[in-house]
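Breakdown of the fold
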Amino acid sequence: MIEADVLLDDEQRKLSQVVRDFADSVVAPAAYRYDTERRLPMEIIAQMGELGLFGLPFPRDVGGQGQDYVSLCLAVEALARVDQSIAVTLEAGVGLGIVPIYRHGSREQQERWLPDLLAGKALAAFGLTEAGAGSDAGGTRTTARLDGDEWVIDGSKQFITNSGTPITSLVTITAVTGETVGQDGEVRKELSSIIVPAGTPGLEVGPSYDKVGWHTSDTHPLTLTDVRVPAGNLLGERGRGYANFLRALDEGRIAFAALATGAAQGCLEEALRYARERVVFGRSIGENQHVAFTLARMQARVHTARLAWLDAAQKLVRGKPFKAEASVAKLVGGEAAMANARDASQIFGGYGFLNENSVARHYRDAKVLEVGEGTTEVQLMVIARSLGLDG
Ligand SMILES: Cc1cc2nc3c(=O)[nH]c(=O)nc-3n(C[C@H](O)[C@H](O)[C@H](O)COP(=O)(O)OP(=O)(O)OC[C@H]3O[C@@H](n4cnc5c(N)ncnc54)[C@H](O)[C@@H]3O)c2cc1C
């Protein structure tokens, strides 16, 4: 199979292999059981913490592993080959949970929250989406007002990953904290980010959604009723909540694209193995040119998707603009995962329709790769804008 290992250094190649081995020996054998039980396996999250996966892209002086964003993406890709839910727990845990606190948190906030988050002993979530605010965060209706030295928060959030696990320590939410008048004279909502510790009175974590896929990943609606947190829980500057979140989202899309690439790779590996083994009409099905060409296309999709996220991630770590590249990577990654899951299921025939088969799980799981962290259409808007079009 084609590898893009020439683009990696020795440490990254080694990390990728370590996480692959962990995925094959620990995650894959349990994936069907956890998918059926629909629960996040905390014992696996603990082992990922011990491997240092949650601290990968952060410097050692804050308790991280001193590697970079490419390394995080490699770990996410390696996990997603066998289980997208486990991979997104890491991807969202780092990209949406830790990155905003590492980047915008005060020293006090970092000292309080980062040690357990980087060690994988705690998980953080980010709540942007609401019933009327998904692709358009301008629709945010959750409010936060200052009452003395406390924020009082009221509203609700939808689809919040990692928000209800036994080790969730906080949810950072976006809320309308006032109004601003732009240079054009237009009045706009002032959006800010505020840290809400888990267990704060008034923060209600609703029941898990009955999702099509990603059964093991923890996703809940949240309701905030008269939630009071100290004024010091403001994350970053007041009024910069949306801008800061967009930056986190741009980065997150690269890891999300790596996740999609891993899913596409997992489908290819399984389908290739089966095409060699399965004998129909007296020969292995892989000897039929149609099946061979299907697998060749699957390989081409994986390679294209991998090169796209690697390019975006390399630009990010080198401090170059990467916004459009991240959207391209997310677009082609999601499409590759969807197409490969469909093709792999077809190659498995009836067995591809059984939930115990990992390609069937990928088939259900892959759909959300075209939705989460910005839909396919939102990626097209970003790419169109990079071409100077309104989008
Ligand atoms: C499993 C899962 C986990 C998630 N985790 C989180 C999380 O941790 N935190 C969080 O904040 N959110 C999370 N989300 C929410 C996710 O980011 C949103 O679902 C996504 O951004 C889309 O928003 P929406 O569902 O409101 O769709 P909408 O914004 O209502 O869009 C509906 C459809 O209209 C299309 N559309 C909208 N506007 C345009 C336009 N101008 N042009 C063309 N097409 C358009 C969209 O592309 C989409 O196809 C999660 C979602 C899921 C399913």
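Preceding block: the structure.
What this report covers is the structure whose coordinates are included nearby. Note that the structure is predicted; figures quoted are calculated from it, not measured.

With that out of the way, let us pick up the packing of aromatic side chains. The full count for this structure, using the stated rule, is 5 aromatic pairs. A ring pair is formed by Tyr274 and Phe348, whose centres lie 4.2 Å apart and whose planes are at 15°; its orientation type is stacked. With Tyr274 in helix H6 (residues 241-277) and Phe348 in the loop between helix H8 (323-347) and helix H9 (358-365), the pair connects residues that are 74 residues apart, well separated along the chain. We note Arg33 situated over the ring of Tyr34; from NZ or CZ to the ring centre the distance is 4.8 Å.

As a further point, take the environment of Phe126. Structurally, Phe126 can be placed in strand E1 (residues 123-127). Taking the C-alpha atoms as reference, Phe126 lies 17 Å from Ile254; in sequence the two are 128 residues apart. Excluding its chain neighbours within four sequence positions, the residues that come into contact with Phe126 are Leu96, Pro100, Ile160, Thr172, Thr174, Ser193 and Phe245.

The next point concerns the side chain of Thr174. Tracing the sequence through the fold places Thr174 in strand E4 (residues 168-181). With near-sequence residues (within four places) excluded, Thr174 lies in contact with Phe126, Gly127, Leu128, Glu130, Thr140, Thr142, Lys157, Ser192, Ser193 and Gly241.

The next point concerns the site of the ligand. Near the ligand lie 18 residues; those nearest to it are Thr129, Ser135, Phe159, Thr375 and Glu377. At 2.9 Å, a backbone N or O of Leu128 approaches an oxygen atom of the ligand. For the ligand, an oxygen atom lies 2.6 Å from a polar atom in the side chain of Glu377. Across the complex, the protein chains shield 63% of the 980 Å² of accessible surface that the ligand would expose by itself.

Under the definition given, this model contains 27 salt bridges. One salt bridge in this structure joins Arg38 and Asp210, with 2.8 Å as the shortest N-O distance. Separated by 172 residues along the polypeptide, Arg38 in the loop between helix H1 (10-37) and helix H2 (42-50) and Asp210 in the loop between strand E6 (203-205) and strand E7 (219-230) bring together distant segments of the chain. Looking at Arg38, the relative accessible area reads 40%, which means it is partly exposed. With its nearest N and O atoms 2.7 Å apart, the salt bridge here joins Glu77 to Arg306. Here Glu77 is found in helix H3 (residues 69-80), whereas its partner Arg306 is found in helix H7 (residues 289-317), with 229 residues between them in sequence. Classification of Arg306 as buried rests on a relative accessible area of 6%. Among the charged side chains, a salt-bridge network with shared partners connects Arg20, Asp24, Arg81 and Glu269.

Further remarks concern unusual backbone geometry. At Trp214, a position not held by glycine, the phi torsion is positive, near 45°. Position of Trp214 among the secondary structure elements: in the loop between E6 and E7. Take Trp214: its relative accessible area is 8%, and that puts it in the buried class. Residues other than glycine seldom take positive phi values, yet Glu373 does so here, at roughly 50°.

Below, the discussion takes up helix H5 (residues 107-118). The end-to-end C-alpha distance of H5, which contains 12 residues, comes to 15 Å, matching closely the 16 Å that a straight helix rising 1.5 Å per residue would cover. Buried residues of H5: Gln109, Gln110, Trp113, Leu114, Leu117 and Leu118, and no others. Buried positions in H5, seen along its axis, are confined to an arc of 115° and lie on one side of it. Summarising the geometry of H5, the exposed residues directed more than 90 degrees from the buried face are Glu108, Glu111 and Arg112. For H5, the secondary structure elements touched by its buried residues are helix H4 (84-104), E1, E4, strand E5 (187-197) and strand E8 (234-235).

Bringing the pairing of E5 into the picture now. Extensive coverage of E5 is indicated by the burial of 8 of its 11 residues. Looking at chain direction, E4 and E5 are connected through 11 bridges and run antiparallel. Along E5, the bridge assignment pairs Ile173 with Ile194. Where E4 hands over to E5, the hairpin turn is made up of 5 residues, of which Gly185 adopts a positive phi near 85°. Sheet analysis places E5 next to E8, joined by 2 bridges and oriented antiparallel. The residue bridging Ser193 from the neighbouring strand is Leu235, located in E8.

Rules behind the numbers
Sequence positions are assigned chain by chain, starting from 1 and proceeding in written order. Note on the predicted model: pLDDT of at least 70 is required for a residue's local features to be given, and 80 or more for side-chain atom pairs to be given and counted; whole-chain, interface and lining totals, by contrast, use all residues. Computation of side-chain values covers all heavy atoms of the structure but excludes hydrogens and water. Classification of ring pairs rests on two measures: the distance between centres of Phe, Tyr or Trp rings, Trp counted by its six-membered ring, which must be within 6.5 Å, and the angle between planes, read as stacked under 30 degrees, edge-to-face over 60 and tilted in between. Put simply, DSSP marks the helices as runs of H or I at least four residues long and the strands as runs of E at least two long, and each gets a number from the N terminus on. A ring is considered to have a charge above it if a Lys NZ or an Arg CZ atom is located within 6 Å of its centre and within 35 degrees of its normal. It only takes one pair of heavy atoms within 4.5 Å for two residues to be counted as in contact. Only heavy atoms are used to decide nearness, and a residue is near a molecule or strand if one of them lies within 4 Å of it. Polar contacts, as used here, are pairs of N or O atoms within 3.5 Å; protein pairs need one atom able to donate a hydrogen and one able to accept it. Residues neighboring in sequence count only if both atoms are side-chain atoms. Exposure was quantified through the Shrake-Rupley algorithm and a 1.4 Å probe, taking into account, for residues, occlusion by the shown protein chains and nothing else. In what follows, salt bridge is the name for a side-chain nitrogen of Lys or Arg lying within 4 Å of a carboxyl oxygen of Asp or Glu. Only protein chains enter the area calculation, which uses a 1.4 Å probe; residues under 20% of their type maximum are buried, those over 50% are exposed, and those in between are partly exposed. Helix span, expected: 1.5 Å multiplied by one less than the number of residues in the helix. For this quantity, the arc is that covered by the directions from the helix axis to the C-beta atoms. Two strands pair under a simple rule: DSSP has to find at least two bridges between them.

Scope: geometric values only; no functional claims are made or implied.
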